Amino acid sequence: MATPHISAEPGDIAPVVLMPGDPRRAQRIADELFDDARLVTEVRGILGFTGTFQGTPVSVLASGMGGPSIAIYATELARFYGVTRIVRVGTAGGLQPAMPLGTVVAASVAHTDSAMTAGWVPGVALSAAPAFSLLRAAVEAAERDAVALRVGAVFSSDTFYADDPTVTGKLAVLGTLAVEMEAATLYAVGAKEGIETLALVTVTDDLTTGEHLPALDRETGFGTAAQLALAASMPPPVS
Ligand SMILES: O=P(O)(O)O[C@H]1O[C@H](CO)[C@@H](O)[C@H]1O
Ligand SMILES: O=c1cc[nH]c(=O)[nH]1
(Lines give C-alpha, C1' and ligand atoms only; values in the text may rest on other atoms or scores of the structure.)
(Ligands and ions follow the chains in the order given, each with its own letter.)
Protein backbone atom coordinates (compact mmCIF):
# COMPACT_ATOMS: atom_id res chain seq x y z
CA MET A 1 0.00 0.00 0.00
CA ALA A 2 1.46 3.32 -1.02
CA THR A 3 1.24 6.41 1.21
CA PRO A 4 0.33 9.92 0.03
CA HIS A 5 4.00 10.72 -0.51
CA ILE A 6 5.76 7.38 -1.13
CA SER A 7 4.68 5.04 -3.92
CA ALA A 8 6.83 2.05 -2.91
CA GLU A 9 5.11 -1.21 -2.05
CA PRO A 10 5.53 -2.75 1.43
CA GLY A 11 8.84 -4.62 1.41
CA ASP A 12 10.31 -2.27 -1.18
CA ILE A 13 12.04 -0.20 1.49
CA ALA A 14 14.75 -1.59 3.78
CA PRO A 15 14.70 -1.12 7.58
CA VAL A 16 17.71 1.24 7.28
CA VAL A 17 17.23 4.44 5.24
CA LEU A 18 19.79 7.12 4.38
CA MET A 19 18.07 10.48 3.94
CA PRO A 20 19.63 13.44 2.11
CA GLY A 21 17.55 16.54 1.43
CA ASP A 22 18.39 16.56 -2.25
CA PRO A 23 16.80 13.89 -4.53
CA ARG A 24 19.84 13.97 -6.83
CA ARG A 25 22.10 13.23 -3.86
CA ALA A 26 19.83 10.26 -3.16
CA GLN A 27 20.37 9.06 -6.73
CA ARG A 28 24.15 9.45 -6.40
CA ILE A 29 24.27 7.59 -3.08
CA ALA A 30 22.34 4.71 -4.66
CA ASP A 31 24.48 4.71 -7.82
CA GLU A 32 27.84 5.03 -6.10
CA LEU A 33 27.44 3.12 -2.84
CA PHE A 34 24.68 0.52 -3.26
CA ASP A 35 24.73 -2.71 -5.23
CA ASP A 36 21.71 -3.55 -7.40
CA ALA A 37 19.97 -0.23 -6.65
CA ARG A 38 16.44 0.15 -8.03
CA LEU A 39 14.07 3.11 -7.97
CA VAL A 40 11.19 2.41 -5.55
CA THR A 41 9.42 5.79 -5.37
CA GLU A 42 9.46 9.12 -7.17
CA VAL A 43 6.31 10.90 -5.96
CA ARG A 44 6.84 14.69 -6.32
CA GLY A 45 10.34 13.99 -7.64
CA ILE A 46 11.43 12.80 -4.19
CA LEU A 47 13.52 9.84 -5.31
CA GLY A 48 13.91 6.67 -3.28
CA PHE A 49 16.11 3.67 -4.09
CA THR A 50 16.69 0.28 -2.49
CA GLY A 51 19.73 -1.87 -2.99
CA THR A 52 22.27 -3.65 -0.84
CA PHE A 53 25.45 -2.63 0.93
CA GLN A 54 27.85 -5.48 1.62
CA GLY A 55 24.97 -7.87 1.03
CA THR A 56 22.47 -6.21 3.40
CA PRO A 57 19.38 -4.36 2.12
CA VAL A 58 19.47 -0.58 2.48
CA SER A 59 17.42 2.30 1.10
CA VAL A 60 17.94 5.97 0.41
CA LEU A 61 15.06 8.46 0.23
CA ALA A 62 15.29 12.22 -0.14
CA SER A 63 13.55 14.35 2.48
CA GLY A 64 13.14 17.62 0.62
CA MET A 65 14.02 20.76 2.55
CA GLY A 66 12.88 21.77 6.02
CA GLY A 67 11.31 20.19 9.07
CA PRO A 68 7.74 19.73 7.79
CA SER A 69 9.02 17.87 4.74
CA ILE A 70 11.35 15.49 6.57
CA ALA A 71 8.58 14.88 9.16
CA ILE A 72 6.27 13.59 6.43
CA TYR A 73 8.81 11.14 5.00
CA ALA A 74 10.21 9.94 8.33
CA THR A 75 6.71 9.39 9.73
CA GLU A 76 5.48 7.48 6.67
CA LEU A 77 8.64 5.32 6.64
CA ALA A 78 8.25 4.45 10.32
CA ARG A 79 4.49 3.88 10.31
CA PHE A 80 3.89 2.20 6.97
CA TYR A 81 7.20 0.69 5.83
CA GLY A 82 8.65 -0.72 9.06
CA VAL A 83 11.74 1.47 8.89
CA THR A 84 13.70 1.39 12.15
CA ARG A 85 16.72 3.60 11.39
CA ILE A 86 17.02 6.85 9.45
CA VAL A 87 20.34 8.64 9.01
CA ARG A 88 20.21 12.09 7.48
CA VAL A 89 23.11 12.80 5.10
CA GLY A 90 22.83 16.55 4.73
CA THR A 91 24.65 19.81 4.12
CA ALA A 92 25.13 22.65 6.60
CA GLY A 93 26.66 26.03 7.24
CA GLY A 94 29.65 25.98 9.58
CA LEU A 95 29.46 28.35 12.55
CA GLN A 96 32.89 27.85 14.11
CA PRO A 97 36.34 28.89 12.93
CA ALA A 98 38.73 26.13 11.85
CA MET A 99 35.93 24.03 10.36
CA PRO A 100 36.90 23.87 6.68
CA LEU A 101 34.37 23.19 3.93
CA GLY A 102 33.86 19.44 3.79
CA THR A 103 33.99 18.97 7.56
CA VAL A 104 31.47 16.32 8.66
CA VAL A 105 29.43 17.01 11.80
CA ALA A 106 27.47 14.43 13.79
CA ALA A 107 24.61 16.29 15.47
CA SER A 108 24.60 15.10 19.10
CA VAL A 109 21.79 17.58 19.80
CA ALA A 110 19.77 19.98 17.67
CA HIS A 111 18.54 23.39 18.76
CA THR A 112 15.61 24.66 16.71
CA ASP A 113 13.39 27.66 16.05
CA SER A 114 10.71 25.34 14.65
CA ALA A 115 7.36 25.34 16.40
CA MET A 116 6.56 21.82 15.24
CA THR A 117 7.07 20.09 18.58
CA ALA A 118 6.20 23.07 20.79
CA GLY A 119 2.76 21.71 21.70
CA TRP A 120 3.70 18.08 22.19
CA VAL A 121 4.27 18.51 25.95
CA PRO A 122 2.84 21.91 26.93
CA GLY A 123 5.28 24.02 28.91
CA VAL A 124 8.29 21.88 28.05
CA ALA A 125 11.01 22.72 25.50
CA LEU A 126 11.82 19.25 24.22
CA SER A 127 15.45 18.31 23.53
CA ALA A 128 16.13 16.90 20.09
CA ALA A 129 18.77 14.20 20.26
CA PRO A 130 19.84 11.27 18.10
CA ALA A 131 19.84 7.61 19.05
CA PHE A 132 22.94 7.14 21.18
CA SER A 133 23.55 3.76 19.53
CA LEU A 134 23.84 5.38 16.08
CA LEU A 135 25.90 8.32 17.34
CA ARG A 136 28.32 6.00 19.11
CA ALA A 137 28.57 3.76 16.05
CA ALA A 138 29.34 6.77 13.84
CA VAL A 139 32.06 7.98 16.22
CA GLU A 140 33.56 4.48 16.41
CA ALA A 141 33.50 4.14 12.61
CA ALA A 142 35.22 7.52 12.23
CA GLU A 143 37.90 6.55 14.73
CA ARG A 144 38.42 3.15 13.12
CA ASP A 145 38.74 4.62 9.62
CA ALA A 146 40.71 7.72 10.77
CA VAL A 147 37.98 10.00 9.39
CA ALA A 148 37.70 13.49 10.88
CA LEU A 149 34.29 13.90 12.54
CA ARG A 150 33.11 16.80 14.69
CA VAL A 151 30.43 15.91 17.23
CA GLY A 152 28.23 18.56 18.80
CA ALA A 153 25.19 20.79 18.58
CA VAL A 154 23.61 21.97 15.35
CA PHE A 155 20.91 24.58 14.83
CA SER A 156 17.96 23.31 12.78
CA SER A 157 16.41 26.47 11.42
CA ASP A 158 13.13 27.00 9.59
CA THR A 159 14.84 29.85 7.72
CA PHE A 160 17.62 29.52 5.15
CA TYR A 161 17.76 33.28 4.43
CA ALA A 162 17.80 34.54 8.00
CA ASP A 163 16.72 38.12 8.69
CA ASP A 164 18.66 38.24 11.95
CA PRO A 165 22.25 36.98 11.62
CA THR A 166 22.86 37.56 15.33
CA VAL A 167 20.89 34.37 16.08
CA THR A 168 23.54 32.07 14.58
CA GLY A 169 26.23 34.29 16.12
CA LYS A 170 24.78 33.78 19.60
CA LEU A 171 24.40 30.05 19.02
CA ALA A 172 28.02 29.90 17.83
CA VAL A 173 29.14 31.53 21.11
CA LEU A 174 27.25 28.73 22.87
CA GLY A 175 29.31 26.18 20.96
CA THR A 176 26.90 25.28 18.17
CA LEU A 177 28.85 23.82 15.27
CA ALA A 178 26.60 24.26 12.25
CA VAL A 179 23.21 25.36 10.93
CA GLU A 180 20.92 23.21 8.79
CA MET A 181 17.17 22.66 8.59
CA GLU A 182 16.03 19.11 9.43
CA ALA A 183 17.94 17.37 12.24
CA ALA A 184 15.72 18.56 15.12
CA THR A 185 12.52 17.44 13.41
CA LEU A 186 14.02 14.11 12.40
CA TYR A 187 15.07 13.50 16.01
CA ALA A 188 11.62 14.52 17.30
CA VAL A 189 9.87 12.17 14.86
CA GLY A 190 12.32 9.45 15.83
CA ALA A 191 11.34 9.86 19.49
CA LYS A 192 7.63 9.92 18.65
CA GLU A 193 7.70 6.91 16.33
CA GLY A 194 10.20 4.89 18.37
CA ILE A 195 12.85 4.63 15.66
CA GLU A 196 16.60 5.39 15.73
CA THR A 197 17.73 8.56 13.99
CA LEU A 198 20.98 10.45 13.41
CA ALA A 199 22.04 13.46 11.34
CA LEU A 200 25.47 13.62 9.71
CA VAL A 201 25.94 16.91 7.87
CA THR A 202 28.76 18.11 5.64
CA VAL A 203 29.77 21.77 5.87
CA THR A 204 29.19 23.36 2.46
CA ASP A 205 29.11 26.98 3.63
CA ASP A 206 31.47 28.64 6.10
CA LEU A 207 29.41 31.34 7.78
CA THR A 208 32.52 32.65 9.55
CA THR A 209 34.33 33.45 6.26
CA GLY A 210 31.51 33.61 3.69
CA GLU A 211 32.99 30.72 1.63
CA HIS A 212 30.38 28.60 -0.20
CA LEU A 213 30.52 25.44 -2.30
CA PRO A 214 28.66 25.55 -5.63
CA ALA A 215 25.43 23.57 -6.13
CA LEU A 216 27.13 20.62 -7.85
CA ASP A 217 29.51 20.15 -4.92
CA ARG A 218 26.52 20.19 -2.55
CA GLU A 219 25.10 17.34 -4.61
CA THR A 220 28.31 15.31 -4.84
CA GLY A 221 30.21 16.12 -1.64
CA PHE A 222 28.53 13.53 0.53
CA GLY A 223 31.02 10.66 0.33
CA THR A 224 32.50 10.73 3.82
CA ALA A 225 29.16 11.34 5.54
CA ALA A 226 27.40 8.62 3.54
CA GLN A 227 30.16 6.09 4.27
CA LEU A 228 29.93 6.92 7.97
CA ALA A 229 26.13 6.69 7.82
CA LEU A 230 26.34 3.21 6.32
CA ALA A 231 29.01 2.10 8.80
CA ALA A 232 26.93 3.38 11.71
CA SER A 233 23.51 2.10 10.68
CA MET A 234 23.98 -1.22 8.96
CA PRO A 235 23.52 -4.27 11.19
CA PRO A 236 26.84 -6.00 11.88
CA PRO A 237 27.58 -8.70 9.30
CA VAL A 238 26.59 -12.22 10.33
CA SER A 239 29.81 -14.19 10.84
O1 LIG B 1 21.51 19.48 1.64
P2 LIG B 1 20.29 19.17 2.49
O3 LIG B 1 20.31 17.79 3.02
O4 LIG B 1 19.00 19.50 1.76
O5 LIG B 1 20.38 20.14 3.77
C6 LIG B 1 20.50 21.55 3.77
O7 LIG B 1 20.34 22.14 2.49
C8 LIG B 1 19.03 22.72 2.36
C9 LIG B 1 19.18 24.21 2.18
O10 LIG B 1 19.97 24.50 1.08
C11 LIG B 1 18.29 22.38 3.66
O12 LIG B 1 17.56 21.21 3.45
C13 LIG B 1 19.44 22.21 4.61
O14 LIG B 1 19.19 21.48 5.78
O1 LIG C 1 20.66 25.13 6.04
C2 LIG C 1 21.76 25.36 5.55
C3 LIG C 1 22.41 24.43 4.70
C4 LIG C 1 23.64 24.73 4.18
N5 LIG C 1 24.19 25.92 4.49
C6 LIG C 1 23.58 26.82 5.29
O7 LIG C 1 24.11 27.90 5.53
N8 LIG C 1 22.38 26.51 5.80
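Residues numbered from 1 in each chain as written. Chains lettered and ligands numbered in written order. Predicted model: local features only at pLDDT ≥ 70, side-chain atom pairs only at ≥ 80, totals over all residues. Heavy atoms only, no water.

K.L.:
Would you mind going over the site of ligand 2 with me for this structure?
P.N.:
In the vicinity of ligand 2, the contacting residues are Thr91, Ala92, Gly93, Phe160, Val179, Glu180, Met181, Thr204, Asp205 and Leu207. Measuring from a nitrogen atom of ligand 2, one finds a backbone N or O atom of Gly93 at 3.3 Å. Within the complex, 89% of the 240 Å² of free accessible area of ligand 2 lies under protein. In this structure, ligand 2 is accommodated by the largest pocket. When contributions to the shell around ligand 2 are tallied by element, the ones reaching two or more residues are strand S5 (85-94), strand S8 (178-180) and strand S9 (196-206). For the shell around ligand 2, the element with the most residues is S5, which contributes 3 residues. (Near = heavy atom within 4 Å. Polar contact = N/O pair within 3.5 Å; in protein donor to acceptor, adjacent residues only side chain to side chain. Areas by Shrake-Rupley, 256 points an atom, 1.4 Å probe, with all protein chains shown as cover. 1 Å grid on protein atoms, 1.4 Å probe; cavity = no way out; pocket = protein on both sides within 12 Å on 5 of 7 lines; lining within 4 Å. Sits in = over half its atoms within 2 Å of the grid points. Helix = DSSP H or I, 4+ residues; strand = E, 2+ residues; numbered from the N terminus.)

K.L.:
How do you make sense of the UniProt feature "domain: Nucleoside phosphorylase" (unreviewed entry) in the chain when you look at a structure like this?
P.N.:
Residues annotated in UniProt with the feature "domain: Nucleoside phosphorylase" (unreviewed entry) correspond here to residues 16-212. Helix makes up 29% of residues 16-212 and strand 33%, whereas the separation of the span's terminal C-alpha atoms amounts to 31 Å. (UniProt positions renumbered as here; feature names shortened; annotations may be inferred.)

K.L.:
Any chance you could explain the packing of helix H3 (residues 132-144) against helix H7 (residues 223-233) here in plain terms?
P.N.:
The geometry of H3 relative to H7 is characterised by a closest axis approach of 8 Å and an angle of 120° between their N-to-C directions. Here H7 runs oblique to H3, going by the angle between their axes. The two elements H3 and H7 cross, and the hand of that crossing is right-handed. Taken together, the residues of H7 that come into contact with H3 (itself represented by Leu134, Ala137, Ala138, Ala141, Ala142 and Arg144) are Leu228, Ala231, Ala232 and Ser233. Each residue belonging to the contact of H3 with H7 can be placed in one class, and the counts come to 8 nonpolar, 1 polar and 1 charged. (Axes fitted to C-alpha atoms, helices over the stretch in contact; angles between N-to-C directions. Parallel < 35°, antiparallel > 145°, perpendicular 65-115°, else oblique. Left-handed = near helix turned anticlockwise from the far one by under 90°. Contact = heavy atoms within 4.5 Å. Nonpolar A, V, L, I, M, F, W, Y, C, P; charged D, E, K, R; others polar.)

K.L.:
What's the story with the pattern of salt bridges in this structure? I'm lost.
P.N.:
Between side chains of opposite charge, pairing is possible as soon as their charged atoms come close. Scanning all chains against the criterion turns up 10 salt bridges. Taking the shortest distance from any N to any O, the salt bridge between Arg38 and Asp12 comes out at 3.4 Å. Here Asp12 lies in the segment before strand S1 (16-19) and Arg38 lies in strand S2 (residues 35-41), a separation of 26 residues in the sequence. Here Asp12 falls in the buried class, since its relative accessible area comes to 17%. The partner of Arg218 in a salt bridge is Asp205, with the nearest N and O atoms 2.4 Å apart. Of the two residues, Arg218 sits in helix H6 (residues 215-220) while Asp205 sits in strand S9, which places them 13 residues apart along the sequence. By relative accessible area, Asp205 is classed as buried at 7%. Among the charged side chains, a salt-bridge network with shared partners connects Arg24, Arg28, Glu32 and Glu219. (Salt bridge = Lys/Arg side-chain N within 4 Å of Asp/Glu carboxyl O. Buried < 20%, exposed > 50% of the residue type's maximum accessible area, 1.4 Å probe, protein only.)

K.L.:
Before we go on, may I ask you to explain the packing of aromatic side chains in this structure?
P.N.:
The relative placement of two aromatic rings is captured by the distance of their centres and the angle of their planes. With the rule as written, the count across this model stands at 1 aromatic pair. Pairing Phe160 with Tyr161 gives two aromatic rings, centres 4.7 Å apart and planes at 80°, and the pair type is edge-to-face. On the basis of relative accessible area, Tyr161 is assigned to the exposed category, the value being 69%. (Phe/Tyr/Trp six-rings, centres within 6.5 Å; stacked < 30°, edge-to-face > 60°.)

K.L.:
Would you take a moment to explain the site of ligand 1 for this structure?
P.N.:
Gly21, Arg25, Met65, Arg88, Gly90, Thr91, Phe160, Glu180, Met181 and Glu182 make up every residue found near ligand 1. At 2.6 Å, a side-chain N or O of Arg25 approaches an oxygen atom of ligand 1. Contact with the protein chains hides 88% of the accessible area of ligand 1, taken as 340 Å² for the molecule alone. Under a 2 Å grid-point criterion requiring more than half of the atoms, the pocket assigned to ligand 1 is the largest pocket. The greatest single-element share of the shell around ligand 1, amounting to 3 residues, is contributed by S5.

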